[in-house]
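Coordinate inspection notes
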Amino acid sequence: MSLTRDLMCELRARLGASAAMPPPPAPRHVEPLSVPRFPSLPEVTPLREERAQAVPAAELASPDVAVRRVSPLRSRPNAFAAEAARHTTALVGIGHVGTRYATDVVLQFQAELAVAHQAVDTVLPEDWAQSQGLLGLKSRVSDHREFLLRPDLGRRLDEPSLAVLRERAAKDIDIQPILADGLSAVACMGSGKRLLDAFIRECQSRGWSVGTPLCARFARVWLEDEIGQTVRAKVAAILLGERPGLGTGDGLSAYLVYDPKVGNTDGLRNMMSNIHERGTPPEQAAKRLALLAGAMLQQRRSGVSLDLSAIAAELGDAGTTGYRAAQERVRLVETQR
Amino acid sequence: MRLAASIRGTQYAFKSVKEVLAKANPPKSGDVLAGVAARDPVERVAARAVLSELELKTLRENPVVPYEEDELTRLVEDSLDETAFRAVAHLSVGELREWLLCAKTSGAMIRAVSPGLTPEIAAAAAKLMSNMDLMTVGAKCEVVVRANSTLGLPGRLSSRLQPNHPSDDVEGILYSMREGLCYGCGDAVIGINPATDTPESTAEILRAVDDVMRRNRIPTQHCVLSHVTVQMKALELGTPMDLMFQSLAGSEQANRAFGISVPLMDEAWEIMKAKGSTRGPNRMYFETGQGSALSSAANHDADQVTMEARCYGFARRYQPFLVNTVVGFIGPEYLEDGQQITRAALEDHFMGKLLGLPMGCDACFTYHSRMAQDELECLEVLLGAAGCTYLMSLPVGDDIMLNYQSTSYHDIPSVRRLLAKRPTPEFDAWLAETGIMDGLAPGPGFGDPKVIR
């Protein structure tokens, strides 16, 4: 008896079948191949198309038209693409081959996709925080797959990290800066430290007390709540790799929250996205984030109720709660001949 | 009611219909996150065996969110077509599955029974079906709707044109829109997700799209997907608006997180009937997606397939012109990979069609989920074969605002050609007139945005 049959018997019995499974079929007698199995079937008349394809092999070898070189007809990027590029980064005016893309479009797209996937797949090394002189923490997540599947675990510190934070981090401070991997360790290891250092300098130059510089692995945005609450910071600022988009795996986002505590929701945060060389460079972003933190300290609140009208011009796109800023498109594939 | 089954001598008992429904669901990361998934594949089959014998009236009596606690449950229960329900009340879920698959059961027969089915019944049937089962029944269902043009006729595959722009640059939107039109896209709707959620920007985009549609006499519908309250204000400004949009979720509490309720949607629908710019009778556009209830902690310990079906129970009250599930948008914590996204797309399409909706699908993935571009292209063909009413279309499938990967301008004519499907008859005639298409083949104007003035 096979396992499958056992299983089926159980199921059938439970579903109320009166008889058990029929006995397994006896090995059938198979007729030898030489005997025609369906002698009574009429001869099949091929359809017209099928007949047309039934060309004798000899003819195939010598076609009527001598083909020397095959050249596909392809539409190339045109004036429309150039005009459109002034208004949108969408890939338009790209032409087509049949109903599909030209080869260079396929390669550009695949390169952009690969850059995004590589950024997501990269894991922040365990010793990276220490190598940068930062106090290393970890969320309750234990591996990369779990990080993607369990955002709830990425929002809380594991026990050892909580103990380290309680023992070694400065308490009762104005600002707690936190660098983190988020959804792109590539971005974190790229310009993360530059952004963190520049942000700390901006805060110190304003006379605020700044917490021990931290770096968290497998971290989601809301992790700043538990960290900020533990060190009793007025404002927590987490700077982390943002979810990669096509061709952009190195962008950082920053989320600031006043009075950080577990249970805060997104409406209580202000954010800035697209921090990288081709977007807002780290030093400029740091200035804007310090302005934002200043407004929070002054008004003792954050999120949708924070009034940013007085500093709107200087803030640029910092302080929004909306979508991420436009991405510049660069040609990714260059081949050498 | 005893809810138990044994497989190979192991006894599996379940505490509630809700638990049976959840554990019968194929593996989904969102059900694991919610803590309601079956603990192993054998328990999953045991749950399905129990589910297959439950009568439909038991499912009606056991909604996953109680009548007293939830306005969506009350809406479904109070407006259910009793005559249609009596025709199927005696069936078990297993028998319903077989009735749906039976060759003698036509699309018209399913359409007649549909107003008597609750969302929980549709979800239960989906859980007993394989992907091919879901496609077979989905392709049978016929849901035909009309606004400016006629959607959902047999042998048709339509598309939403989605020319989004991260800062609502109207010129940028129009460039992308012209490109999409010349690939034969946009017969379901030209729909833009705005970056700025204000009545003025909604009105500005709608007027610009309306101008292009009038100038080129394009037989389709337009829509800006801002919040419903914003669109209501835009209508008050005298804005042309063919379709009114809103995202829906599967419980009262989850809808509160979206800023909507049944009375608000009733009001929106009334305003749209009075002031919308289509001849109708269908005027609303809804989007849904598995996992949205859990993401606002409002899933009431139910699985995400059942919660999704409840969105359709809400949607059908408003006789919508379009409903689509945005199937991979929410991220890997709800649908981990290509297999789960594919399964969810086919489930949602089946459940929506079974409940009488013109069901489309935004087949898509975010860049941190495990779905390959090739899997997405396969899914488009599966959806087309399953009779999906419409797919999305974007330049190279890249949404430069919402930052995810969907289906492309080039994919729409490709899938149509593979499956010998045409756009809406009105749009089909327009494509022939402009020379964009020559039947299913590219015409002389194909891929040339200059044909759109």
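Reading guide: rules and limits
- Throughout this description, residue numbers start from 1 for each chain and increase along the sequence as written.
- The lettering of chains begins at A and the numbering of ligands begins at 1, in the order of writing.
- Local features in a predicted model are, by the rule used here, given only for residues with pLDDT of at least 70; side-chain atom pairs are given and counted only at 80 or more, and totals for whole chains, interfaces and linings are based on all residues.
- Numbering of helices and strands runs from the N terminus; a helix is a DSSP stretch of H or I covering at least four residues, while a strand is a stretch of E covering at least two.
- What counts as a contact here is a pair of residues whose C-beta atoms, placed from the backbone, lie within 7 Å.
- Computation of the radius of gyration draws on C-alpha atoms, with the globule rule given as 2.2 Å multiplied by the number of residues to the power 0.38.
- Counting other C-beta atoms within 10 Å of its own, a residue is labelled buried from 20 upward, exposed at 12 or fewer, and partly exposed in the gap between, with every C-beta atom placed from the backbone.
- Gly counts as polar in this scheme, as do all residues outside two lists: the nonpolar Ala, Val, Leu, Ile, Met, Phe, Trp, Tyr, Cys and Pro, and the charged Asp, Glu, Lys and Arg.
- Each residue after the first adds 1.5 Å to the expected span of a helix.
- One nonpolar core equals one set of buried Ala, Val, Leu, Ile, Met, Phe, Trp, Tyr and Cys residues connected by C-beta atoms within 7 Å.
- Throughout, an axis means a line fitted to C-alpha atoms (over the contacting stretch in the case of helices), and angles, computed between N-to-C directions, take values from 0 to 180 degrees.
- When the near helix sits turned anticlockwise from the far one by under a right angle, the crossing is termed left-handed; a clockwise turn instead gives a right-handed crossing.
- By definition in this entry, angles of less than 35 degrees are roughly parallel, angles greater than 145 are roughly antiparallel, angles of 65 to 115 are roughly perpendicular, and the rest are oblique.

Observations regarding the overall build of chain A
Within chain A one finds 13 helices and six strands. Counted over contacts in chain A with a minimum sequence separation of 6, partners at least 24 positions apart contribute 69%.

Observations concerning the overall build of chain B
Each helix and strand counted, chain B has 21 helices and 16 strands in total. For chain B, the C-alpha radius of gyration of 21 Å lies close to 22 Å, the compact-globule estimate for 453 residues. Referenced to the eigenvectors of the C-alpha coordinate spread, the extents of chain B come out at roughly 70 × 45 × 45 Å. Taking all 453 residues of chain B together, 61% fall into the buried category. Partitioning the contacts of chain B with sequence separation of at least 6, the portion at a separation of at least 24 is 78%.

Quick word on the interface of chain A and chain B
In this complex, chain A contributes 41 residues to the contact, which on the side of chain B involves 38 residues. Tallied by class, the residues present in the side of chain A that touches chain B amount to 22 nonpolar, twelve polar and seven charged.

Brief notes about helix 17 (residues 304–315) of chain B
All names here are of chain B. Taking 1.5 Å of rise per residue, the twelve residues of helix 17 would be expected to cover 16 Å, and the 17 Å separating its terminal C-alpha atoms lies within 8% of that figure. The element helix 17 is largely enclosed, with a buried count of twelve among its twelve residues. If you check which residues of helix 17 are buried, you get Q304, V305, T306, M307, E308, A309, R310, C311, Y312, G313, F314 and A315.

Regarding the nonpolar core
All names here are of chain A. Judged by nonpolar contacts, the single largest core of 224 residues is most densely connected at A237, L239 and L289. When residues of this core are assigned to their parent elements, the largest contribution, nine residues, is made by helix 10 (residues 185–205). If sequence neighbours within four positions are ignored, L239 has contacts with I178, L179, G192, L195, L196, F199, L252 and A254.

Points about the packing of helix 17 of chain B against helix 18 (residues 338–354) of chain B
All names here are of chain B. As a packed pair, helix 17 and helix 18 sit with axes 9 Å apart at the nearest point and diverge in direction by 40°. Relative to helix 18, helix 17 is oriented so that their crossing is right-handed. On helix 18, the residues touching V305, E308, A309 and Y312 of helix 17 are E347, D348, M351 and G352. The residue inventory of the contact of helix 17 with helix 18, partitioned by class, reads four nonpolar, one polar and three charged.

Quick notes on the packing of helix 13 (residues 228–236) of chain B against helix 15 (residues 262–275) of chain B
Residue and element names in this part refer to chain B. Following both chains from N to C, one finds helix 13 and helix 15 inclined at 30°, their axes separated by 11 Å at the closest point. Classified by the angle between their axes, helix 13 and helix 15 sit roughly parallel to one another. Judged by the twist between their axes, the crossing of helix 13 over helix 15 is left-handed. Here helix 13 contributes V228, M232 and L235 to the contact with helix 15, which in turn contributes A268, I271 and K275. For the contact of helix 13 with helix 15, the class distribution of residues is five nonpolar, no polar and one charged.

Notes on unusual backbone geometry
All names here are of chain B. Cis rather than trans, the peptide bond between G280 and P281 has omega equal to 10°. Topologically, P281 is positioned in the loop between helix 15 and strand 9 (284–288). Within the chain, R217 stands out as a residue other than glycine whose phi angle is a positive 50°. Relative to the elements of secondary structure, R217 occurs in the loop between helix 12 (199–215) and strand 7 (222–224). Its 9 C-beta neighbours within 10 Å are what place R217 among the exposed residues. With phi around 50°, H300 is a residue other than glycine that occupies positive phi space. As for its placement among the helices and strands, H300 is situated in the loop between helix 16 (292–295) and helix 17. Residue classification places H300 among the buried residues on the basis of 24 C-beta atoms within 10 Å.

Function-wise, these values are silent; they only describe arrangement.
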